[in-house]
Amino acid sequence: MGLRKNSILIVDDQPGVRRLLLEALSQAGFRVCQAASGEEGLQKIIAEKPSLAILDMKMPGMSGVEFLRELHRRACSLPVIVVTAYEDKELAEQARKLGVRYFLHKPFDLSHLYHLVDAALAQSCYSQLEIVTG
C-alpha cells in the first residue's frame, strides 16, 4: 500500500510505549520518529514533517491537549491519533474540538492500531505539511 511510505511521529513520555509503537509501525513499513514530550514533538514536526502523529494525552510538561492547541495555533493540519489509558470524556471532547478523529485506548491490539493509522492516512490529503512557526 502506498501509505506505508509515510512518516509517523510518536509522542509519548513512556519509553516502553514508544518502543512498542516504533517496532510495530516499522515492521509494517512506516518510517517512524519519536518524541518523549510535547515540546520535543513540536520540534520533530518541523524537522521531520511527518504525515501523522500518534499522541499520548497524559504527559508531564506539555499535555496532549496543549500539544493539539499548539498545532492548531500554528495552522498545522497534521492528522493525529490520540492514545490514552483513561476514559476522560471531557479530554476526548477537547481533542475532538481540536480536530482529532481517531482514538486508541490502552491496552490496544496492533491490528486496531494499523486500522486507525491506515484510516487516518487515507483520509488525509496532506502529503506535505506547511507549518507556521513562531
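Structure shown above.
What counts, and where the lines are drawn
Residues numbered from 1 in each chain as written. Predicted model: local features only at pLDDT ≥ 70, side-chain atom pairs only at ≥ 80, totals over all residues. Heavy atoms only, no water. Salt bridge = Lys/Arg side-chain N within 4 Å of Asp/Glu carboxyl O. Helix = DSSP H or I, 4+ residues; strand = E, 2+ residues; numbered from the N terminus. Buried < 20%, exposed > 50% of the residue type's maximum accessible area, 1.4 Å probe, protein only. Contact = heavy atoms within 4.5 Å. Polar contact = N/O pair within 3.5 Å; in protein donor to acceptor, adjacent residues only side chain to side chain. Axes fitted to C-alpha atoms, helices over the stretch in contact; angles between N-to-C directions. Parallel < 35°, antiparallel > 145°, perpendicular 65-115°, else oblique. Left-handed = near helix turned anticlockwise from the far one by under 90°. Nonpolar A, V, L, I, M, F, W, Y, C, P; charged D, E, K, R; others polar.

Visitor: Please clarify how the pattern of salt bridges should be interpreted in this entry.
Guide: Where side chains of opposite charge bring their charged atoms close, a pairing between them can arise. Here the structure, examined in full by the defined rule, presents four salt bridges. The salt bridge partner of D56 is K106, with a shortest N-O separation of 3.8 Å. In this pair, D56 is assigned in strand β3 (residues 52-56) and K106 in the loop between β5 (102-105) and α5 (110-123), connecting sequence segments 50 residues apart. R74 is the partner of E70 in a salt bridge, and the nearest nitrogen-oxygen pair spans 2.8 Å. The pair formed by E70 and R74 is uniform in burial state, with each residue classed as buried.

Visitor: For this particular structure, what's the right way to read the environment of T84?
Guide: Relative to the helices and strands, T84 is located in strand β4 (residues 80-84). Remark: the alpha-carbon pair of T84 and D56, spanning 28 residues in sequence, is separated by 5.8 Å. Residues within four places of T84 in sequence aside, it is in contact with L104, H105 and K106.

Visitor: Help me out: how do you make sense of the environment of R101 in this one?
Guide: By secondary structure assignment, the location of R101 is in the loop between α4 (89-97) and β5. In this structure R101 comes out as exposed when scored by relative accessible area, which is 58%. On a C-alpha basis, the gap between R101 and V80 in space is 7.5 Å, while along the polypeptide they are 21 residues apart. Leaving out residues up to four positions away in the same chain, R101 has contacts with V80 and Q123.

Visitor: Would you mind showing me how to read the side chain of S51 here?
Guide: Here S51 shows up in the loop between α2 (38-48) and β3. Looking at S51, the relative accessible area reads 8%, which means it is buried. A distance of 2.8 Å separates a polar atom in the side chain of S51 from a polar atom in the side chain of N6. If near-sequence neighbours (up to four positions away) are discounted, S51 is found in contact with N6, S7, L78, P79 and L121.

Visitor: Help me out: how do you make sense of the packing of α2 against helix α3 (residues 64-73) in this one?
Guide: Each pair of packed helices can be summarised by the angle the axes make with each other and by the distance between the axes. At their nearest, the axes of α2 and α3 sit 10 Å apart, and the two run at 30° to each other. Looking at the two axes, α2 sits roughly parallel to α3. Seen from above, α2 lies across α3 with right-handed handedness. For the pair α2 and α3, the contacting residues are G38, G41, L42 and I45 in the first and F67, E70 and L71 in the second. Looking at the contact of α2 with α3, its residues break down into four nonpolar, two polar and one charged.

Visitor: How should the packing of helix α1 (residues 15-27) against α5 be read in this particular structure?
Guide: Axis separation between α1 and α5 bottoms out at 11 Å; the angle between their running directions is 65°. With respect to their mutual orientation, α1 and α5 come out roughly perpendicular. Along this stretch, α1 crosses α5, giving a crossing that reads as right-handed. Counting all contacts with α1, which are made through L21, A24 and L25, the residues of α5 involved are L110, L113, Y114 and V117.

Keep in mind that these numbers describe shape and distance, not what the molecule does.
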